[in-house]
Amino acid sequence: NNMKRQIEVSLPSNTTLIGLGADSGFVGANIVILSATNVVMRNLSVEAPVDFFSTWSPDDGDGAWNARFDAVSSVTSDHLWIDHVRLTDGRFPDSEAPLGPDGKPANRHDGLLDLKDGTDYVTISNSKLSNHDKTMLLGSGDEHVDKDGGKLRVSYIGNHLENIQQRGPRVRFGQVHVLNNYFVASTEHPQYPMISEGQGGNSYFLGAGYESRIYSERNAFDYSGPGADKSIMVSSYNGHRFKDIGSWFNGEEADLNAVAQASFEQNRAEALAEAELKGEPAPDWTGWDFSTDVGWDPADAYNYKAFTTPQAVRNHALHFTGPGVLTVKR
């Protein structure tokens, strides 16, 4: 709590936080948007805070050390625009984290950009997110329908996501548009390798969680290294409604819908087998079928024009995202 008091930057309603130059930003800060409306962040770099007091979570898989602080987080806020920012672990990669008493790494970072507890109407655009594990989480639990149901309406447009390992984003409940983002990863990255579930790992770019409704459109995925496969693009975490139009894998047309469906059906089969083994009722979502009908169309919500080639998506990401692109006058 003492550390929290030193690193937290709280943004209230009706606030614009904008960097004047390409090197403007925060190092080790925990930027929190709490119960606020009408907040803008632009032209900033944020190096994620390091939690020196990781907490042991015995129920996280077979146990894990978890950090407390996000780089940027929104809690019960609405009407937010985060544009031309850079978010990264920076000088403190997780690969250099010390080992805990049980021999597992004491993870020092939580999320880069998490949206929770009924956050609504958010756009994340033209930004760079890189070298991080738990990147962007929408919704903090399947049981939080009272907080998140009908909320978490978020657009991710024209971003560059590189070596993020997972959650680009990972969605629960949300009505989410993922448009013209450039996803890059390698199985051989020395600090943040992405190993897909198809290759026995747990990395993915898009995570379809419980009651999520993701509309993916013309995103470009470049994934390289030994064993690199298409399953890296989408993983289902109890989510059965997902639609993609026109995305590409390594420059070629890709069927993300088939990847999402295969992941959901495998997840459902495993959950049914586990319930039968334990003699317990199966979760409600196992009774649902996969569908590309997400119940909404972004074109009905706002006007936009998409890039139509993987080269255009890649060029935008490499040259027109992150801080230093905008001209900001005093």
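Below or above, wherever it landed, is the structure these notes cover.

The rules behind these values
Residues numbered from 1 in each chain as written. Predicted model: local features only at pLDDT ≥ 70, side-chain atom pairs only at ≥ 80, totals over all residues. Heavy atoms only, no water. Helix = DSSP H or I, 4+ residues; strand = E, 2+ residues; numbered from the N terminus. Expected span 1.5 Å × (residues − 1). Buried < 20%, exposed > 50% of the residue type's maximum accessible area, 1.4 Å probe, protein only. Polar contact = N/O pair within 3.5 Å; in protein donor to acceptor, adjacent residues only side chain to side chain. Contact = heavy atoms within 4.5 Å.

Between its first and last C-alpha atoms helix α3 (residues 256-278) spans 33 Å; for 23 residues at 1.5 Å apiece the expected length is 33 Å, and the two agree. Restricting attention to buried positions, one finds in α3 the residues Leu256, Asn257, Val259, Ala260, Ser263, Phe264, Asn267, Arg268, Ala271 and Ala275.

A cis amide bond links Gly168 with the next residue in sequence, Pro169, at an omega value of 5 degrees. Phi at Ser35 takes a positive value of approximately 50 degrees, unusual for a residue other than glycine. The residue Ser35 is located in the loop between β4 (30-34) and β5 (37-47) in this model. Residue Ser35 is classed as exposed on the basis of its relative accessible area of 52%. Phi at Arg218 is positive, roughly 50 degrees, even though this residue is not glycine. Inspection of the secondary structure assignment puts Arg218 in the loop between β20 (213-217) and β21 (220-224).

This paragraph deals with the side chain of His316. Note on placement: His316 falls in helix α5 (residues 310-319). Relative accessible area serves as the criterion here: at 13%, His316 is assigned to the buried category. At 2.9 Å, the side chain of His316 forms a polar contact with the side chain of Asn126. Contact partners of His316, with chain neighbours within four places excluded, come to Asn126, Gly158, Phe307 and Thr321.

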